[in-house]
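# Geometric and topological summary
Listed below, chain by chain, are the residues.
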Amino acid sequence: LYPYSFKQNSFIAYLGLQQKISNLQLELGVLYSSMNNETRWQQEIDLRYYPLGNTNLYLTGSFTNQMEKEQTSTWHNRKYWKTGTGFRIAKNTWASAGYTFGDLYKQIENQGYSIFNGVNLVKNRKELSVYQYLFKGKLNLFLIWQNQKEKNNYTINDELNSQNINVQSIIGGMKWNF
């Protein structure tokens, strides 16, 4: 037997600016990642609108440009858009629905907190979520349902084939804010 060793270091950094103007919130962000021996830059712009002037109802839209460095030292751009709405359903409880479309591939979202490292190109994603905040907002419990349309490419007998697959996910967790 021969010993096998594999070592990989990954790094993600995010820098964002946020500005509130009346019922609007604008966020600009840039993200750098070095994962799977690949270098990526993401530029993001997010706009959130509060039609009632509070967090009881909001509409959101965002655009992300992802640049991936190719083996030839050129850059491959992928773009995707995200839209959604959220509303308060009870004290300290919010629900949201969203739709994302474009070319999502190994993207990083939520200011670097969510890393999608799958092998398939995601063409669109539907999402429903519920968030419960406890202990004056220090503890966040969440449940997210996602439905993704992915494009899977594979080769059989030197012939490239493609199929669309439907992936359903339920994600739950908790986040503690200090």
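To keep things clear, this report deals only with the structure shown in the data block. (Residues numbered from 1 in each chain as written. Predicted model: local features only at pLDDT ≥ 70, side-chain atom pairs only at ≥ 80, totals over all residues. Heavy atoms only, no water.)

## Remarks on the pairing of strand 11 (residues 159–176)
We apply this condition: By definition, two strands form a pair when at least two bridges between them are found by DSSP. Counting from the N terminus, the helices are the DSSP runs of H or I reaching at least four residues and the strands are the DSSP runs of E reaching at least two.
By the bridge criterion, 18 bridges tie strand 10 (residues 139–156) to strand 11 in an arrangement that is antiparallel. Pairing of phenylalanine 142 across the sheet is with glycine 173, part of strand 11. As consecutive antiparallel partners, strand 10 and strand 11 are separated by two residues, and within that stretch asparagine 157 has a phi angle of approximately 50 degrees, a positive value.

## Details of a nonpolar patch on the surface
As a reminder of what qualifies: By definition, no residue in a patch forms a salt bridge, and every one has over 30% relative accessible area; like charges are joined within 9 Å, nonpolar side chains (Val, Leu, Ile, Met, Phe, Trp, Tyr) within 5 Å. In these tables, accessible area is a Shrake-Rupley quantity obtained with a 1.4 Å probe, and a residue counts as shielded only by the protein chains included in the view. Basic side-chain nitrogens of Lys or Arg form a salt bridge, by our definition, when they fall within 4 Å of a carboxyl oxygen of Asp or Glu. Each residue is assigned to one of three classes by its accessible area relative to the maximum for its type, calculated with a 1.4 Å probe on protein chains only: buried under 20%, partly exposed between the two thresholds, exposed over 50%.
There is a patch of nonpolar side chains on the surface, built from Leu17, Ile21, Leu24, Leu26, Leu28, Ile45, Leu47, Tyr49 and Leu59 and spanning about 780 Å² of accessible area. Looking at the nonpolar patch, the elements with two or more residues in it are strand 1 (11–21), strand 2 (24–35) and strand 3 (38–49). On the secondary structure map, tyrosine 49 appears in strand 3. Since its relative accessible area comes to 35%, tyrosine 49 is described here as partly exposed.

## Regarding the pairing of strand 4 (residues 57–69)
Here strand 3 runs beside strand 4; their pairing, made up of 10 bridges, is antiparallel. Bridge assignment links isoleucine 45 to a residue of strand 4, and that residue is phenylalanine 63. Here strand 4 runs beside strand 5 (residues 75–90); their pairing, made up of 13 bridges, is antiparallel. Bridged to phenylalanine 63 within strand 5 is tryptophan 81. In this structure, the hairpin formed by strand 4 and strand 5 is closed by a connection of five residues, where serine 73 is found at a positive phi of approximately 70 degrees.

## Let's talk about the environment of glutamine 66
Cut-off, in case you're wondering: Contacts between residues were defined by any pair of non-hydrogen atoms, one from each residue, lying within 4.5 Å. By the criterion applied in these results, polar contacts are pairs of N or O atoms within 3.5 Å in which, for protein atoms, one can donate a hydrogen and the other can accept it, and in which residues neighboring in sequence qualify only through two side-chain atoms.
Along the chain, glutamine 66 falls in strand 4. Sequence separation between glutamine 66 and asparagine 77 is 11 residues; the distance between their C-alpha atoms is 5.6 Å. Discounting residues that sit within four places of it in the chain, glutamine 66 has contacts with Arg40, Trp41, Gln42, His76, Asn77, Arg78, Tyr105, Lys106 and Gln107. Within the structure, the side chain of glutamine 66 is placed 3.1 Å from the backbone oxygen of tyrosine 105, a separation counted as a polar contact.

## Considerations on the sheet that holds strand 9 (residues 121–134)
Inclusion rule: Axis geometry follows a simple rule: fit a line to the C-alpha atoms, using only the stretch in contact for helices, then measure angles between N-to-C directions, giving values from 0 to 180 degrees.
The nine strands lie next to each other as 1-2-3-4-5-6-9-10-11, forming an open sheet whose pairing is antiparallel. At either margin of the open sheet sits one strand with a lone partner, and together these are strand 1 and strand 11. Going from strand to strand, the sheet's axes swing by 15 degrees on average, the running direction of each strand aside. Pairing geometry for strand 6 (residues 93–104) and strand 9, over 10 bridges, is antiparallel. Paired with phenylalanine 101 across the strands is asparagine 124, a residue of strand 9.

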